[in-house]
Amino acid sequence: MHLAIRYSRATINFLLEKKLCFTLLDRRMSGHWLLMKYKEHEKTVTVKEIDGLQLVKKLAKDMERMFHNKAEAVRRLVEAAETAHLQHEYHSDLEGCTEDQSLPESCSSAIITVIPKKDRDPLKYEYFNAVLINEKDENGNYVELGKEFILEPNEHFNNLPVNISLSDVQIPTNKYNKDPAIVNGVFWSEALNKVFVDNFERDPSLIWQYFGSANGFFRQYPGIKWEPDENGVIAFDCRNRKWYIQAATSPKDVIILVDVSGSMKGLRMTIAKQTVSSILDTLGDDDFFNIIAYNEELHYVEPCLNNTLVQADRNNKEHFREHLDTLNAKGIGMLGFALTEAFILLNQFNSTGHGSSCSQAIMLVTDGAVDTYDTVFAKYNWPDRKVRIFAYLIGREAVFSENLKWMACANKGYFTQISTLADVQENVMEYLHVLSRPKVIDQEHDIVWTEAYVDSTLNADADRVLMTTIAMPVFSRKNETRTQGILLGVVGTDVPVKELLKVIPKYKLGIHGYAFAITNNGYVLTHPDLRPPYEEGKRRIKPSYKSVDLSELEWEDKDNTLRNGMVNRKTGTFSMVVKKTVEKGKRVFVMTNDYYYTDIKGTPFSLGVALSRGHGKYFLQGNVTLEEGLHDLDHPDLSLMEEWNYCNIDIHPPFRDLFQLEAVKLFLTGKEPLLQCDKELIQEVLFDAVVTAPLEAYWTSLALNRSENADKGVEVSFLGTRTGLSRVNLFVGPEQRTNRDFLSPQDKENIFTADHFPLWYRKSVEQLPGTFVYSIPFSTETENKSNVVTASTTVQLLDNRKSPVVAAVGIQMKLEFFQKKFWTASRQCASLDGKCSISCDDEIINCYLIDNNGFILVSENYDETGTFFGEVEGAVMNKLLMMGSFKRVTLYDFQAMCRTTVDNSDSAHGLLDPYYVFFAAVKWIMTELILFLVEFNLCSWWNSDFTVKAQRPKQVLQPCDTEYAAFVSERTIKETTGAISCDGCHKRLAVGDGQGWKYRQYHCSWPQFPDFDNVLN
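Parameters and conventions
- Residues numbered from 1 in each chain as written.
- Predicted model: local features only at pLDDT ≥ 70, side-chain atom pairs only at ≥ 80, totals over all residues.
- Heavy atoms only, no water.
- Helix = DSSP H or I, 4+ residues; strand = E, 2+ residues; numbered from the N terminus.
- Buried < 20%, exposed > 50% of the residue type's maximum accessible area, 1.4 Å probe, protein only.
- Contact = heavy atoms within 4.5 Å.
- Areas by Shrake-Rupley, 256 points an atom, 1.4 Å probe, with all protein chains shown as cover.
- Pairing = 2+ DSSP bridges.
- Axes fitted to C-alpha atoms, helices over the stretch in contact; angles between N-to-C directions.
- Disulfide = S-S within 2.5 Å.
- Core = buried A, V, L, I, M, F, W, Y, C linked by side-chain atoms within 4.5 Å.
- pLDDT = per-residue confidence, 0-100.
- Salt bridge = Lys/Arg side-chain N within 4 Å of Asp/Glu carboxyl O.
- Phe/Tyr/Trp six-rings, centres within 6.5 Å; stacked < 30°, edge-to-face > 60°.
- Lys NZ or Arg CZ within 6 Å of the ring centre and 35° of its normal.

A. Representation of the overall build of the protein in the model. Tallying secondary structure elements over the protein gives 30 helices and 38 strands in all. With 1017 residues in all, the protein has 56% of them scored as buried. Of the contacts formed within the protein by residues at least 6 apart in sequence, a portion of 72% connects residues at least 24 apart. Here the protein has roughly 44,600 Å² of accessible surface; of this, 50% comes from carbon and sulfur atoms.

Encoded structure:
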């Protein structure tokens, strides 16, 4: 904090002494001095330096074990599914329900009884349709395939109503519920119910398990009800999900050839664009692609990316989708030139070693071919046939279909005809079955892991859960079909990212330390700086949430040394100076981090650990008796961090309702021998509980002995230790607190979580031990104000950097009380008459108290409280920077959301929503038919509902990269002087580590400072 005045420094020195009133108050109310008891144990505790490389290897081993357990559950599902299919005899007359009313079950039941047409025994099985369960008709009877399906809220499944005894089946809207292929699949896959339940009993940390069928149905455990959208549509198709595609096929290089000759005009071009978009949906991060349009000439859809293939990540696919709208049909289609270009490009790209090195394919989207182009294939693809040809004939005509069929069959591909928009998705999916044949024939049950994504099963009001999926393909083992390579589907289970955090001992990583994991493509799986996958305060998924690269979070690594080492699955170390921000980038910590990384065996992931140099690389081990520790754990003001894994309460269902503190006590008393707990961590918890125990009695005595008017502004005192132990004391009733969310689960920043220490802990650790840090929390309200001040400091075991910070303690007080204390101190003088030669009451003087990041704590203008000082007095802040009292830190945000103005048009909506495109096409056709009947009125009425909406500009949030500044005080500078001149005036400054003063008449402004309220995160 800083002082500025034109008079003598001696005058300021007196006021600097007044900050002692704050320090003494904070020490007394927080009980900081009692924590010196840690010093008493200095000779009995052991300080250990953390071996970062050994730590990251151990964590990687623990994660490998966890992933292995999940993979074993998936393998059991594969075995059960393949066995059930092997024993199942296909019934072509199996339609899902019987019309024989003499049977005990009718069509209104989910228990299906079928009398085969041939002389066989009746077949009975349960078919619970996830949309129809618990639905009744107007007569109160359960609808067909509905029946009663018991659903109960389950905390383990995000409090969603589920049935943990049974699975149910979801069918896409474009599939028939009682199609024989689906009904047969539902029949034999019912055998998975037993394995689902058994897996969950073996590993209670499992969440969703499922089987996605190649025929389109999706069997999910536990059973849950699915709700259609407002149009009665469920667009979810498991075969379009990344976990399905990655498990069903190998990585592939794909070139899409799109015919844009004159014959493709109208609806054909619309269908062709939707076909290309659907093909893009089937490509994942391990695939590479490009799109070439052809008529008499070749047109790369993205001209800047010709003669190469690009990775099929989300951003690239969306970029190419935008360019599809520019395609226009004209001229003559010269397919031979296009095929030649595609073969040459695939061969060149494969020779670079940058491609997938597995499968190569050419997707041909056209309304016909006038030749077989066998000379092209003979030159570039035969006899090895390394490149498969998949031909999509657009339109109802089949004049040139034979040539396309021949090309596909002669090149180990597949031919299909797409006549309408409704046919697109189902026909595009067929190529996946062809590409999966080599894996099926060779019985390659490879396990795949996806990048992080959001669970789409959750309803809009539920918290979004970031997770990864472990999946494995399911093959037909029947002898008569084995050579055909039939893929039955894919089984999988989800692993929430928070499960990974449970194996990380946060207490060994230190206050600023953290662990993170990335995929083999460099995308972040978990990282404390990875922001929520949905916009704050909204349920709309944030774009690109699952495509955040490590280089965007660890951006100080300009050469990508850390990223490249992890992507290449190496084990190593790396160090760099980093700038870690808090409170939405308004505050910054500058520190040196040491990184340690290695791969997680058996997965495509790599794990890293970051330890802040200095106190972050040391931890202590204390020792107290069990009796002492148990006694002090019973204090009512004590709690443990629920997201830390002191004990594994997920291992047995009876333990799931336990709080961590309850589990620790049961473990220590031996009442629950099945509990698995971290003994080292619990021993440290006992030590912290004993050392900090006197605080409870001290805080209680303060509350009882406070006078009626003294210190009534202090509302809460709090303590946190490096083991996640917290103590909290309220000096006012809970309903009287100004900030009721503080230290509660609603205020995640200020409590211990799985990936960070409380904000007040992290702030104070960057200052000298015993030095209190003051700050006003930034509110999420529009005015960005808060009515409280938080003060905190740390306790260090030894008086050097090679010592762990063992605890932090602080208070929270009303802002009004804090400011009153400041003004009172500024007016007190040591002169005999009690009058001050200069004070904050002087008309020519303005007083400011600013924190170590330049934000105003106290100002005569209350509305300026919490505002950045540079926005109020830019000239003074500029001078403070020039004098070295503050320094500017440049920061970057590659996850920002910026407001931008766009035309309110739905022109691009068609490629994203096939149903919208379908209805739009129907509208177009019908309009063309009726135009000759009614020229204006009917057309106007028709267009009122379905035409493109008015081009009205609107404000939207879009992903962007931003550069901005933060400011930190230079604590080595205690006092300095200076002067500023502007508009014909001259002002002298004297700055000290205390309060800030200035002339009220300052008129200089400093527009370079950003408006922090407009920095979007």
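Alright, that's what it looks like, and here's the rest.
B. Here's a closer look at the sheet that holds strand β22 (residues 572–582). The 5 strands lie next to each other as β21-β20-β24-β23-β22, forming an open sheet whose pairing is antiparallel. Each having just a single partner strand, β21 (524–526) and β22 make up the two edges of the open sheet. If you compare each strand with its neighbour and ignore which way they point, the axes differ by 35° on average. In this structure, β22 lies alongside strand β23 (residues 587–599), joined through 11 bridges in antiparallel fashion. By the bridge assignment for β23, Thr581 is matched with Val588. Running at roughly 145° to strand β24 (residues 606–612), helix α4 (residues 52–87) makes contact with β22, β23 and β24 of the sheet.

C. Quick peek at the state of the cysteines. One pass over the structure, following the stated rule, counts 2 disulfides. Sulfur-sulfur distance for the disulfide between Cys647 and Cys677 comes to 2.0 Å. One disulfide, between Cys647 and Cys677, carries an S-S torsion of 105° and so falls in the right-handed class. Linking Cys647 in the loop between β26 (638–640) and α21 (660–669) with Cys677 in the loop between α21 and α22 (679–692), this pair joins segments that are 30 residues apart in sequence. An identical accessibility class is assigned to Cys647 and Cys677; each is buried. One disulfide in the model links Cys898 with Cys960; its S-S distance is 1.8 Å. The sign of the 70° torsion about the S-S bond sets the Cys898-Cys960 disulfide as right-handed. Taken together, the residues span a long stretch of sequence, with Cys898 in strand β34 (residues 886–904) and Cys960 in strand β35 (residues 952–969) at a distance of 62 residues.

D. The arrangement of the nonpolar core in detail. One finds Trp243 and Tyr595 to be the most contacted residues of the largest nonpolar core, which totals 106 residues. Per element, the largest residue contribution to this core is 15 residues, and it comes from α4. Excluding residues within four positions of it along the chain, Tyr595 makes contact with Tyr514, Phe516, Glu554, Leu562, Gly572, Thr573, Phe574, Met576, Val578, Val609 and Ala610. Core analysis: the next-biggest nonpolar cluster, separate from the first, contains 70 residues, Cys647, Cys677, Trp760 and Ala807 among them.

E. Representation of the confidence of the model for the protein within the structure. Across the protein, the average pLDDT comes to 80, with 77% of residues at 70 or higher. Across residues 930–951 the pLDDT falls below 50, and counting only partners more than four positions away or on other chains, this stretch makes 18 contacts in the model. Across residues 994–1017, confidence stays below pLDDT 50; counting only partners more than four residues off in sequence or on other chains, it has 97 contacts.

F. Here's a closer look at the environment of Glu322. Position of Glu322 relative to the elements: it lies in helix α9 (residues 314–324). For Glu322, a relative accessible area of 56% puts it in the exposed group. Sequence spacing of Glu322 and Glu302 is 20 residues, and the spatial spacing of their C-alpha atoms is 9.7 Å.

G. Molecular detail of helix α12 (residues 401–410). For α12, the complete set of buried residues consists of Ser401, Asn403, Leu404, Met407, Ala408 and Ala410. Buried positions along α12 lie against α10 (335–351), β13 (359–366), α11 (374–380), β14 (387–394) and β15 (414–418). Phi for Lys412, located one or two positions after α12, is positive at around 55°.

H. Layout of the pattern of salt bridges. As enumerated under the stated definition, the model contains 39 salt bridges in all. Here Lys242 and Asp285 are joined by a salt bridge, their closest N and O atoms 3.5 Å apart. Note that Lys242 is positioned in helix α7 (residues 242–248) and Asp285 in the loop between α8 (267–281) and β10 (288–294), a separation of 43 residues in sequence. Residues Lys242 and Asp285 agree in their burial class; the two are buried. Beyond isolated ion pairs, a larger network of salt bridges with shared partners links Lys175, Asp237, Arg239 and Glu426.

I. Fine view of the packing of aromatic side chains. In this structure the tally under the stated criterion is 43 aromatic pairs. Taking 5.8 Å as the distance between ring centres and 50° as the angle between the ring planes, the aromatic pair formed by Phe157 and Phe200 counts as tilted. Placement of the pair is Phe157 in the loop between β4 (152–154) and β5 (160–162) and Phe200 in helix α6 (residues 192–202), with a sequence separation of 43 residues. Residue class for Phe200 comes out buried when judged on its relative accessible area of 10%. A centroid spacing of 6.0 Å and a plane angle of 85° characterise the contact between Phe343 and Phe377, whose relative ring orientation is edge-to-face. One end of the pair, Phe343, is in helix α10; the other, Phe377, is in helix α11, with 34 residues separating them in the sequence. Three or more aromatic residues joined by ring pairs form one cluster here, namely Trp644, Tyr646, Phe718, Phe742, Phe752, Phe757, Trp760 and Tyr761. In this structure, Lys136 packs its charged tip against the face of Tyr142, placed 5.0 Å from the ring centre.

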